[in-house]
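Chain residues, written in single-letter form:
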There are 2 protein chains.
Amino acid sequence: MKKKITLKHIAKELEVSISTVSKALKNSEEIGRDTKEKVQAFAKLYNYKPNNIAISLKNKRTKNIGVVIPDIVHHFFTTVFRGIEKYANKQGYNVIVCVSDESFDKEVINMEMLANGSIDGFIMSLSAETQQKQDFNHLKEVTEQGIPLVLFDRVSDEIECDKVVINDTEVAYQAVNKLIDEGRKKIALVTTEHYFNVSNHRADGYIRALTDAGRKLDDKLILKLPYKGIEDYMIEDFINTTDLDGILCVNELFAILCMRLAQKKGFRIPEDLSIIGFTNGILSRYCTPTLTTVAQHGEKMGEIAAQMLIDRVESEIDEQEETYRTEIIEATLIERESTK
Amino acid sequence: MKKKITLKHIAKELEVSISTVSKALKNSEEIGRDTKEKVQAFAKLYNYKPNNIAISLKNKRTKNIGVVIPDIVHHFFTTVFRGIEKYANKQGYNVIVCVSDESFDKEVINMEMLANGSIDGFIMSLSAETQQKQDFNHLKEVTEQGIPLVLFDRVSDEIECDKVVINDTEVAYQAVNKLIDEGRKKIALVTTEHYFNVSNHRADGYIRALTDAGRKLDDKLILKLPYKGIEDYMIEDFINTTDLDGILCVNELFAILCMRLAQKKGFRIPEDLSIIGFTNGILSRYCTPTLTTVAQHGEKMGEIAAQMLIDRVESEIDEQEETYRTEIIEATLIERESTK
DNA sequence: AGAGGTTACGCAAACGGTTTCGTGTTAATA
DNA sequence: TATTAACACGAAACCGTTTGCGTAACCTCT
């Protein structure tokens, strides 16, 4: 077993001091040609690589970024993560992922674990429970310690930090307008409980589109589903008791479920019923009929979040004039077979 | 901005030595009651938390584990990751994820980045390119340095380390037998290029099942698809030119594609054609008809991999008698609508 | 009162680097 | 020949902890 070699080993072997070795490896002008060559050759031979931890301690910079997301078995979050990882890696950063599992407590614990020096900054999307409780103290503590934070998708106005979101309201507005243009008269919204900020924005778009078109709003056309533990009957009841010919769903799963259950009831899609979902995931592309959906461009979102974070991390501490940005990514409607 | 407080700050403020503070916080018998209380109160007040990096340097243990996987936007890998993260977190470990993107070079670079002290051990699944090249030097270097390594799913016999796999051959055998029991006469196999070990094992099961049933093997019934960049025509040609009534696909996507394109050609599923896939992902559950599939129990796989790794990491270095285990997880066939 | 034992704390090394500053040697200059 | 600058290198501090060991002060017992 060849244990990792350190500066000390090289120094002893070559009978020079540790500082000489360190400088020689950095090609410092201070060190003579011969010594440099000798040291560098030796280091290469033994495949010397400086210890990241030691460097982190010295520099007070870990080159790690912490990502805390509610779920990892989830198409949207993984695409965002891919973007983060891609950009971060390019900049020489590694990514530590923690999954909050939609739990407030886990989110807090994860952040505390990471905030004690393990990472240079956070990229996060709030857990369902955090959004519900509206308790953001753990985030505020972190930012007060001077640790940069970038929030994406599930954000909150109460937290002052950089953010990346999509134009939820506008794109929902567009989606509903598409349904209106198709001639749909009874357009439903299938959404989550109120505490998800994105769902609310999408609902706003839905409402605005209908009112702008001079339609009456009808509460019976809005179905709120729990985030976890959905049962078929919840949707079936809705479909059975409601007269509708178009649905906007705030996520992909809702859309797929609606489509399946509507098909089961004999609806032809898109002839009798148009369906539009959010999240351009794998389901949307491979279900039958394929699903018209809002692409959130998660990968781009991740890249931008990572860029914002790393910029913050690397900007000299003073120049952080506490002026935070919110980057808005333009989502796009991808038309497929579930609409006309 | 409240910067993180250190032992040194506490020591100065309380006019004691750093070591006294350290010991007091650990409730050492060496320190007097009064001092301990004073220090602990002060530490709590200022929310002192020891710096992870400093501790890592001291202990030569980071409490981080490195996960290198080919892809993150991929159901199976994310479920495995979830298992890893779950177990690791419970044991106080954090997880650094690097995505090799099926590239050998990225795999090597990622491992090198992490191997310089950032992590205590690796959990990996080999990239496509690595399997193709059969070049495992980066893995051997890591293990020679004494860094524990656990391979899952995409493993290789050439690497000596702990492994977690599923009983691919047996479960493929079972799956094909199910098709035989259904009375299928022309059972096809849709697989990947040869260099994926799991595909080969699954192919073995396919072949064994057919030969055990006294069937003649027919090369025409085997379709090899590229791993990326699949075009519809590749499958359509196969379906058009081959007489078949049953298909075993080595992954979920292949199964979904076969199903879609067969349906398009007028096949009724499962009446005319039975399809079984691998990976019990979201597609299998929500496509129409739902897909009979082999559940690989990724989460369990991840948990076991993490457990094996952490056991290794925490066992005293000497007792590693170089006796590696390969844990085999029993995959199970989940029957749905795509088979009778 | 002196020996011996506690008690309660501090010193310093160590982990593996980086970096500032000091210094001995040599060669160039006056 | 004495002065000095350039060169090449080493000592030591530092990042934040942990921990073995030394020791001053006090106590107890004879």
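So, how was this worked out
- Residues numbered from 1 in each chain as written.
- Chains lettered and ligands numbered in written order.
- Predicted model: local features only at pLDDT ≥ 70, side-chain atom pairs only at ≥ 80, totals over all residues.
- Heavy atoms only, no water.
- Helix = DSSP H or I, 4+ residues; strand = E, 2+ residues; numbered from the N terminus.
- Rg over C-alpha atoms; globule rule 2.2 N^0.38 Å.
- Contact = heavy atoms within 4.5 Å.
- Areas by Shrake-Rupley, 256 points an atom, 1.4 Å probe, with all protein chains shown as cover.
- Lys, Arg positive; Asp, Glu negative; His and termini not counted.
- Charge placed at Lys NZ, Arg CZ, Asp CG, Glu CD.
- Phe/Tyr/Trp six-rings, centres within 6.5 Å; stacked < 30°, edge-to-face > 60°.
- Buried < 20%, exposed > 50% of the residue type's maximum accessible area, 1.4 Å probe, protein only.
- Lys NZ or Arg CZ within 6 Å of the ring centre and 35° of its normal.
- Least-squares fit on C-alpha atoms with pLDDT ≥ 70 in both.
- Near = heavy atom within 4 Å.
- Polar contact = N/O pair within 3.5 Å; in protein donor to acceptor, adjacent residues only side chain to side chain.
- Nonpolar A, V, L, I, M, F, W, Y, C, P; charged D, E, K, R; others polar.
- Core = buried A, V, L, I, M, F, W, Y, C linked by side-chain atoms within 4.5 Å.
- Domains from an automatic or database assignment.
- Axes fitted to C-alpha atoms, helices over the stretch in contact; angles between N-to-C directions.
- Parallel < 35°, antiparallel > 145°, perpendicular 65-115°, else oblique.
- Left-handed = near helix turned anticlockwise from the far one by under 90°.
- Pairing = 2+ DSSP bridges.
- Right-handed = clockwise from strand over helix to strand, strands pointing away.

**Q** Can you break down the overall build of chain A residue by residue, with the values?
**A** For chain A, the helix and strand inventory stands at 14 helices and 12 strands. Taken over C-alpha atoms, the radius of gyration comes to 26 Å for chain A, far larger than the 20 Å a tight globule of 340 residues would show. Each of the three principal axes of chain A carries a C-alpha extent, and together these read 85 × 40 × 30 Å. For chain A, the share of sequence-separated contacts (at least 6 apart) that also reach a separation of at least 24 residues comes to 72%. Per element, the accessible surface of chain A, about 15400 Å² overall, is 47% carbon and sulfur. Both charge centroids of chain A, one from 45 positive and one from 54 negative side chains, sit 6 Å from each other.

**Q** Report on the packing of aromatic side chains, specifying residues and quantitative values.
**A** Counted under the stated rule, the structure contains 12 aromatic pairs over all chains. For the pair Phe-42 of chain B and Tyr-46 of chain B, a centre-to-centre distance of 4.6 Å together with 35° between the ring planes defines the contact as tilted. Tyr-46 of chain B sits in the partly exposed class, given a relative accessible area of 47%. Within the aromatic cluster, the residues linked to one another by ring pairs are Phe-76, Phe-77 and Phe-152 of chain A. Lying over the aromatic face of Phe-104 of chain B, Lys-133 of chain B brings its terminal NZ or CZ to 4.0 Å of the ring centre.

**Q** Lay out the relation of the copies chain B and chain A with the relevant residues and their values.
**A** Of the two same-sequence chains, chain B is brought onto chain A (RMSD 0.1 Å, axial shift 0.0 Å) by a rotation of 180°. Look at the turn and shift together and you get a two-fold axis relating the two. Minimal C-alpha separation from the rotation axis in chain B is found for Ile-96 of chain B, amounting to 2.1 Å.

**Q** Please set out the protein's contact with DNA strand C residue by residue, giving values where relevant.
**A** Taken together, 28 residues sit near DNA strand C, with Thr-20, Lys-23, Glu-30, Thr-35 and Lys-60 of chain B positioned nearest. Within 4 Å of the protein, atoms of DNA strand C come from sugar and phosphate in 55% of cases. In this structure, Glu-30 of chain A approaches DNA strand C through a side-chain N or O atom, which is 3.2 Å from a base nitrogen. Contact distances for DNA strand C include 2.6 Å between a phosphate oxygen and a side-chain N or O atom of Lys-60 of chain B. With 4 residues, helix 2 (residues 18–25) of chain A is the largest single contributor of residues to the surface near DNA strand C. Taken together, the residues of the surface near DNA strand C sort by class into 9 nonpolar, 9 polar and 10 charged.

**Q** A description of the nonpolar core should follow, citing residues and the corresponding values.
**A** Counting residues in each nonpolar core, the largest one holds 151 residues, and the members touching the most others are Ile-123 of chain A together with Ile-123 of chain B. Among all residues touching Ile-123 of chain B, those that are not within four sequence positions of it are Ile-65, Gly-66, Val-67, Val-68, Ile-84, Val-150, Phe-152, Ala-305, Ala-306 and Leu-309 of chain B. Membership of the second largest hydrophobic core comes to 40 residues, among which are Leu-151 and Cys-161 of chain A together with Ala-115 and Val-155 of chain B.

**Q** I'd love a proper account of the domain arrangement of chain A, names of residues and values included.
**A** Many structure descriptions define interface size as the accessible area lost when the parts assemble. According to the domain assignment, chain A contains domain 1 (7–50), domain 2 (61–165 + 298–329) and domain 3 (168–296). Inter-centroid distance (C-alpha atoms) of domain 1 of chain A to domain 2 of chain A is 39 Å.

**Q** I'd like a rundown of the packing of helix 5 (residues 75–90) of chain A against helix 14 (residues 298–314) of chain A, residues and numbers included.
**A** All names here are of chain A. It is at 6 Å that the axes of helix 5 and helix 14 come closest, and there the two elements cross at 45°. In terms of axis orientation, helix 5 runs oblique to helix 14. Between helix 5 and helix 14 the crossing geometry is right-handed. Residue-level inspection shows Phe-76, Thr-79, Val-80, Arg-82, Gly-83, Ile-84, Lys-86, Tyr-87 and Ala-88 of helix 5 in contact with helix 14, the latter providing Gly-298, Glu-299, Met-301, Gly-302, Glu-303, Ala-306, Gln-307 and Ile-310. Residue classes in the contact of helix 5 with helix 14 are distributed as 8 nonpolar, 5 polar and 4 charged.

**Q** Explain the protein's contact with DNA strand D to me, and be specific about the residues and the numbers.
**A** As a structural note, the neighbourhood of DNA strand D is formed by 28 residues, with Thr-20, Lys-23, Glu-30 and Thr-35 of chain A together with Lys-8 of chain B the closest of them. A share of 58% of the atoms of DNA strand D within 4 Å of the protein falls on sugar and phosphate groups. Between Gly-32 of chain A and DNA strand D, the recorded distance is 2.7 Å, taken from a backbone N or O atom to a phosphate oxygen. Tyr-48 of chain B is positioned with one of its side-chain polar atoms (N or O) 3.0 Å from a sugar or linking oxygen of DNA strand D. Of all the elements in the fold, those that place two or more residues in the surface near DNA strand D are helix 2 and helix 4 (52–59) of chain A together with helix 1 (7–14), helix 2 (18–25) and helix 4 (52–59) of chain B. With 4 residues, the top contributor of residues to the surface near DNA strand D is helix 2 of chain B.

**Q** Lay out the pairing of strand 9 (residues 274–278) of chain A in plain terms, naming residues and giving numbers.
**A** Residues and elements named next belong to chain A. Of all 5 residues in strand 9, 5 are buried, a share of seventy percent or more. Residues of strand 9 alternate between two faces, with Ser-274, Ile-276 and Phe-278 on one and Ile-275 and Gly-277 on the opposite face, all of them buried. Sheet topology places strand 8 (residues 246–249) next to strand 9; 3 bridges connect them, and they run parallel. Each residue of the ladder has a partner; that of Gly-246, found in strand 9, is Ser-274. Handedness of the β-α-β unit built from strand 8, helix 12 (residues 252–264) and strand 9 comes out right-handed. One ladder, built from 3 bridges, connects strand 9 with strand 10 (residues 292–295); its direction is parallel. By the bridge assignment for strand 10, Ile-276 is matched with Thr-292.

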